[in-house]
Amino acid sequence: MSTTEALVKELVEKNGRTRNSLMPVLQGIVQQEHFLSEEALICVAKELDLSAADVYGTASFYTFLDTVPRGKNIIRVCKTITCHMKGKDEVIKAISNALKIKVGETTHDNKFTLLSANCLGWCHKGPVMLINDEVFPELTPQKALEIVEEYAKK
Amino acid sequence: MSKYLVNLKINNMPVAVEEGTTILEAAKRLNFRIPTLCNHPDLTVAGNCRVCVVEVKGARLLAASCATPVSEGMEVFTNSEKVRKARKHIVELLLSEHNADCTKCFKNGHCELQELASEYRIGDHVFLDLVTPESMIQDISSPSIVKDDSKCIRCQRCVRTCAELQGVSALAVVNKGDHQKISTFLNKPLHEVVCTNCGQCINRCPTGALTERNYIEEVWNAIYDPSKFVVVQTAPATRIALGEDLGIPVGERVTGKMVSALKKLGFNKVLDTDFTADLTIMEEGTELLTRLKKALVDKDEKTVLPMMTSCSPGWIKFQEHMYSDMLDNLSTCKSPQQMFGAVAKTYYADKINIKAQDMIVVSIMPCVAKKFECERPEMRDSGYQDVDYVLTTRELAMMIKQAGIDFHKLDEDHYDSILGESSGAAVIFGATGGVMEAALRTAYEIVTGREVPFTNLNIQPVRGMEGIKDATIKIKNVKPEWSFLEGVDLHVAIAHGLANARQLMEKVRRGEAVYHFIEVMGCPGGCLGGGGQPIPTSPEIRKKRAEAIYSEDEDMPIRKSHENPEVLEIYKEFLGEPLSHKSHDLLHTHYKPRKRY
Ligand code: SF4
Ligand code: SF4
Ligand code: SF4
Ligand code: FES
Ligand code: FES
């Protein structure tokens, strides 16, 4: 059994075999593997007795359920209007230069993926970014770089 | 339990309908037509297109009539100013995202969206044109189906069809917002996923987003090519539905006219798949009896029961994907279409002195999966591709129109001989339960020497539109050579539509039901509801087509496959006997497991 298969089985054990458990299972996989591989999607379809297209359809609806490989740490900078006006472009530029990747790309060492995101609900403290599950408000380019460096050391 | 009646008014006319009725249905009772796109009589309610909106007095918002049940005292207006304006805007919005190049579209003239646009005289672009280059994606990977995302209005009829009727869910809604589209697992080409090519989604797509791969030009070219001898075969269910696309009412049989038209189109010989349907019964009936003997008497472990029919290529592909552990249950008989091709390019070609390589075999089928089937590598037993082109009933109607033939005025003509004679048992292959009935008429008589014990040979228990039917036939007073079947209760089951087939397979797998013989047809209603039949389709339409099929059967002078003189002759002259070596070479095949996901 591959690690993905084992992971899916374990998540299905925990969350149940009904359609309702589709979301928690998909989220569980993303937490471990950072994205949903073809193998993972098929395993889920098999375990929950759903069609693979169905599982993919659900996954593709959610921005946070990626179906392309992602780095260990996913940086999402809010791109919506408030954060835009408060300077998200500079933040992105700084990170992009430091990590030598464009938005949508992953570093060679697989440590970081840089993405943009829709409003994260922190408009009053924009610009904000999310690294994995953690929110970082009131960014400046300088501050953003320091935070990313912290993660690089982890 | 009688249901509670609800009183309401539609356009000021009072009506009383059962509780739970939608406004749309109630309006239909009063003969008010409300346009619909996402709604379909075979499918659950989706309520996503909004063209069916109506005004309900006192309500702030317009209501989607297909998704709103009536309530007591309701006052509905189906054509108020507000409704008309909204409806027109909705159509305009749909068109703003639509690649409306109608003149180049296969659905031109048969499109529900086009019809609405024409009714509402949609003129200038009121909204921004949002057709993007990314939406201009056509998937032509399948030999049966063309999927054109630029024509899709995301009504999701196809998604519901594939899930609810076919239990396949090869199609799903993916992404969201302006990126939303109908797609496959990881957006793979259709031929790489679990799609069975049944074409049921085509039958329900209101636009040109899902259509059959059409081979009309190829067939015209073959007809015009003087070096080719072009024979055409027509499947049972085509003769009771072709008229629908040519202005003839549903349920009217057009067998003789269809033969006439085919001759006028220039086919060298007009022959009948019904002939090979009879041949199928000889082979499959014998195969069943042989399997019963091997399993019940010889206790042969390799012989598995129930035996399952194999005429429906959508069902076959379904089985290869979903139940690949049960492929040994499938009869090894090819479908009648493929038996025809194999026999045409060998036995028949020899008889009429035509070289197989100069012969083109065209099929007229109620099916789009047959387009895939004829290209299967297993289907070349004549040394050539046995069947060259498959046209749907719809494509034939188009050819007849192109040729300027006035179908109404055509005289009735007869199939050419040989390979043109058939029995009533063959015609009923077109309806769910028909193959079972045909097989029983023959097998019972082989075993007992008597006709099946049903009035007028009509085996009613296997007929009808129930999703899964089962029946038991008691076999009594058998001939000495079949003594092992004396007193045996033959258990049979029939499913149509792949969602029903799946249910039946699960039952068989769990051992909940023990059957000897199972008939499955991939499409709802059997071939008469096939993916290549005239559009629209509905339970009522399929019921009428079924009635036409059974009356065609009753009117046939021969009702049993084993009495077809041309079938007897091909055994005498060429095949020897059912399941002979030659039969195995030409008329039987094998199946291969395919990816489950
Ligand atoms: S799908 Fe209908 S409206 Fe669209 S281009 Fe084709 S015929 Fe025209
Ligand atoms: S052809 Fe049949 S199986 Fe394939 S997508 Fe359409 S409905 Fe589903
Ligand atoms: S492909 Fe056809 S049936 Fe499916 S959503 Fe698009 S328009 Fe509707
Ligand atoms: S706009 Fe960035 S968090 Fe709301
Ligand atoms: S037909 Fe009612 S919402 Fe589409």
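Since the structure is predicted, the reported quantities are computational estimates derived from the model, not experimental observations. (Residues numbered from 1 in each chain as written. Chains lettered and ligands numbered in written order. Predicted model: local features only at pLDDT ≥ 70, side-chain atom pairs only at ≥ 80, totals over all residues. Heavy atoms only, no water.)

**Re the site of ligand 2**
Right, so step 1: Inspection of the region around ligand 2 gives Ile145(B), Cys162(B), Leu171(B), Cys195(B), Thr196(B), Asn197(B), Cys198(B), Gly199(B) and Cys201(B) as its neighbouring residues.
Right, so step 2: Its residues placed into classes, the shell around ligand 2 shows 6 nonpolar, 3 polar and no charged. (Near = heavy atom within 4 Å. Nonpolar A, V, L, I, M, F, W, Y, C, P; charged D, E, K, R; others polar.)

**Focus on unusual backbone geometry**
Residue and element names in this part refer to chain B.
Right, so step 1: Note the cis peptide between leucine 305 and proline 306, where omega equals -10 degrees.
Right, so step 2: Mapped onto the elements, proline 306 comes out in the loop between helix H8 (273-296) and strand S13 (307-308).
Right, so step 3: At the junction of serine 417 and isoleucine 418, the peptide bond is cis and its omega measures out at -10 degrees in the coordinates.
Right, so step 4: For asparagine 11, which is not glycine, the phi torsion reads 45 degrees and is therefore positive.
Right, so step 5: Within the secondary structure layout, asparagine 11 lies in the loop between strand S1 (5-10) and strand S2 (13-18).
Right, so step 6: One non-glycine residue, leucine 579, lies in the positive phi region at around 65 degrees. (Helix = DSSP H or I, 4+ residues; strand = E, 2+ residues; numbered from the N terminus.)

**Some details on the environment of Ala471(B)**
Residues and elements named next belong to chain B.
Right, so step 1: Its place among the elements puts alanine 471 in strand S16 (residues 468-474).
Right, so step 2: With 10 residues separating them along the chain, alanine 471 and proline 461 place their C-alpha atoms 6.2 Å apart.
Right, so step 3: With near-sequence residues (within four places) excluded, alanine 471 lies in contact with Pro461, Val462, Leu490, His491 and Val492. (Contact = heavy atoms within 4.5 Å.)

**Quick look at the sheet that holds strand S4 (residues 63-64) of chain B**
Residues and elements named next belong to chain B.
Right, so step 1: Spatially, S2-S1-S5-S3-S4 is the arrangement adopted by the 5 strands of the open sheet, whose pairing is mixed. Edge strands, defined here as strands with exactly one partner in the open sheet, are S2 and S4.
Right, so step 2: Sheet topology note: the S1/strand S5 (residues 75-77) ladder contains 2 bridges and is parallel. Bridge pairing in S5 places lysine 9 opposite glutamate 75.
Right, so step 3: Sheet contacts for helix H2 (residues 81-96): strand S3 (53-56) and S5; angle to S3, the most-contacted strand, approximately 155 degrees. (Pairing = 2+ DSSP bridges. Axes fitted to C-alpha atoms, helices over the stretch in contact; angles between N-to-C directions.)

**Side note on the packing of helix H2 (residues 22-33) of chain A against helix H3 (residues 38-48) of chain A**
All names here are of chain A.
Right, so step 1: The interhelical angle for the contact between H2 and H3, taken along N-to-C directions, is 150 degrees, at an axis separation of 11 Å. In terms of orientation, H2 and H3 fall into the roughly antiparallel class. Judged by the sense of rotation from one axis to the other, the crossing of H2 with H3 is right-handed. Together, Leu22, Val25, Leu26 and Ile29 of H2 and Ala40, Leu41, Val44 and Leu48 of H3 make up the contact between the two elements.
Right, so step 2: Across the contact of H2 with H3, the residue classes tally to 8 nonpolar, no polar and no charged. (Parallel < 35°, antiparallel > 145°, perpendicular 65-115°, else oblique. Left-handed = near helix turned anticlockwise from the far one by under 90°.)

**Quick word on the confidence of the model for chain B**
Right, so step 1: Summing up the model confidence of chain B, the mean pLDDT is 96 and the portion of residues at 70 or higher is 100%.
Right, so step 2: In the model output, the complex is listed with pTM 0.95 alongside ipTM 0.93. (pLDDT = per-residue confidence, 0-100.)

**Looking at the packing of H8(B) against helix H14 (residues 434-448) of chain B**
All names here are of chain B.
Right, so step 1: The interhelical angle for the contact between H8 and H14, taken along N-to-C directions, is 65 degrees, at an axis separation of 9 Å. In this structure, H8 meets H14 at a crossing whose hand is right-handed. Contacts between H8 and H14 involve Ile281, Met282, Glu284 and Leu289 from the first element and Val435, Ala438, Ala439, Thr442, Ala443, Ile446 and Val447 from the second.
Right, so step 2: In terms of residue class, the contact of H8 with H14 is made up of 9 nonpolar, 1 polar and 1 charged.

**Details of the packing of aromatic side chains**
How two aromatic rings sit relative to each other is given by the distance of their centres and the angle of their planes.
Right, so step 1: Using the criterion set out here, one finds 9 aromatic pairs over all chains in the structure.
Right, so step 2: Look at Tyr347(B) and Phe574(B): their rings are 5.1 Å apart centre to centre, the planes differ by 35 degrees, and that puts the pair in the tilted class. Remark: Phe574(B) occurs in helix H17 (residues 565-575) and Tyr347(B) occurs in helix H10 (residues 336-351); sequence separation between them is 227 residues. In this structure, Tyr347(B) and Phe574(B) share a single accessibility class: buried.
Right, so step 3: A connected cluster of aromatic rings, assembled from ring pairs, spans Trp315(B), Phe318(B) and Tyr323(B).
Right, so step 4: For Arg76(A), the ring lying beneath its charged end belongs to Phe64(A), and the centroid distance is 3.9 Å.
Right, so step 5: The residue whose ring lies beneath Lys317(B) is Phe372(B), and the NZ or CZ to ring-centre distance is 5.6 Å. (Phe/Tyr/Trp six-rings, centres within 6.5 Å; stacked < 30°, edge-to-face > 60°. Buried < 20%, exposed > 50% of the residue type's maximum accessible area, 1.4 Å probe, protein only. Lys NZ or Arg CZ within 6 Å of the ring centre and 35° of its normal.)

**What about the domain arrangement of chain A?**
Right, so step 1: Under the domain assignment used here, chain A contains domain 1 (3-59) and domain 2 (73-153).
Right, so step 2: In this structure, domain 1 of chain A and domain 2 of chain A have C-alpha centres spaced 28 Å apart. (Domains from an automatic or database assignment.)

**Thoughts on the domain arrangement of chain B**
Residues and elements named next belong to chain B.
Right, so step 1: In terms of domain boundaries, chain B breaks down into domain 1 (5-93), domain 2 (101-212), domain 3 (227-275 + 337-409) and domain 4 (280-333 + 423-538 + 548-587).
Right, so step 2: Relative to domain 2, the C-alpha centre of domain 1 lies at a distance of 25 Å.
Right, so step 3: Taken together, the contact between domain 1 and domain 2 spans 21 residues of the former and 21 residues of the latter.
Right, so step 4: Counting each side, the surface lost to burial between domain 1 and domain 2 is near 1800 Å², with a carbon and sulfur contribution of 62%.
Right, so step 5: Among the residues domain 1 hides against domain 2, the three largest losses belong to Leu37, Leu43 and Val91. Together they make up 33% of the total.
Right, so step 6: Our enumeration of links across domain 1 and domain 2 arrives at 2 salt bridges.
Right, so step 7: The shortest N-O distance in the salt bridge between aspartate 42 and arginine 204 comes to 2.9 Å.
Right, so step 8: If you look at where domain 1 meets domain 2, you find 9 residue pairs in polar contact (both at pLDDT 80 or more).
Right, so step 9: Tallied by class, the residues present in the side of domain 1 that touches domain 2 amount to 9 nonpolar, 6 polar and 6 charged. (Buried area = accessible area lost by both parts, 1.4 Å probe. Salt bridge = Lys/Arg side-chain N within 4 Å of Asp/Glu carboxyl O. Polar contact = N/O pair within 3.5 Å; in protein donor to acceptor, adjacent residues only side chain to side chain.)

**With respect to the site of ligand 1**
Right, so step 1: Residues in close proximity to ligand 1 total 13 residues, the closest being His98(B), Cys102(B), Cys105(B), Cys111(B) and Gly208(B).
Right, so step 2: A per-class count over the shell around ligand 1 returns 4 nonpolar, 6 polar and 3 charged.

**A short note on the interface of chain A and chain B**
Right, so step 1: Between chain A and chain B, the contact holds 17 residues from the first and 16 residues from the second.
Right, so step 2: Taking both sides of the interface into account, the surface hidden between chain A and chain B amounts to around 1300 Å²; carbon and sulfur atoms contribute 62%.
Right, so step 3: Summed over the three residues of chain A that lose the most area to chain B, namely Ala53(A), Tyr56(A) and Phe61(A), the buried surface amounts to 37% of that side.
Right, so step 4: Our enumeration of links across chain A and chain B arrives at 1 salt bridge.

**What about the pairing of strand S1 (residues 73-78) of chain A?**
Residues and elements named next belong to chain A.
Right, so step 1: Of all 6 residues making up S1, 6 are buried, and the element is well covered by its neighbours.
Right, so step 2: Of the two faces of S1, the one carrying Asn73, Ile75 and Val77 and the one carrying Ile74, Arg76 and Cys78 are both buried.
Right, so step 3: Bridge count for S1 against strand S2 (residues 112-117) is 6 bridges, and the pairing is parallel. When the bridges of S2 are listed, cysteine 78 appears paired with alanine 117.
Right, so step 4: One ladder, built from 3 bridges, connects S1 with strand S3 (residues 129-131); its direction is antiparallel. Looking at S3, one finds that isoleucine 75 is bridged to isoleucine 131.

**Considerations on the sheet that holds strand S14 (residues 359-365) of chain B**
The strands making up a sheet are joined through hydrogen bonds of the backbone, oriented either antiparallel or parallel.
All names here are of chain B.
Right, so step 1: A sheet is described by the order of its strands in space; here 4 strands give the open sequence S12-S11-S14-S15, paired in parallel fashion. At either end of the open sheet lies a strand with only one pairing partner, and these are strand S12 (269-272) and strand S15 (389-392). Each neighbouring strand pair of the sheet contributes to a mean axis angle of 25 degrees, computed without reference to strand direction.
Right, so step 2: Of the strand pairs in this sheet, S14 and S15 are connected by 4 bridges, and their pairing is parallel. Bridge pairing links isoleucine 364 to leucine 391 in S15.
Right, so step 3: Running over the sheet, helix H6 (residues 216-224) touches strand S11 (229-234), S14 and S15 and is turned about 120 degrees from S15.
Right, so step 4: Lying on the sheet, H10 is in contact with S11, S12, S14 and S15; it crosses S14 at an angle near 155 degrees.

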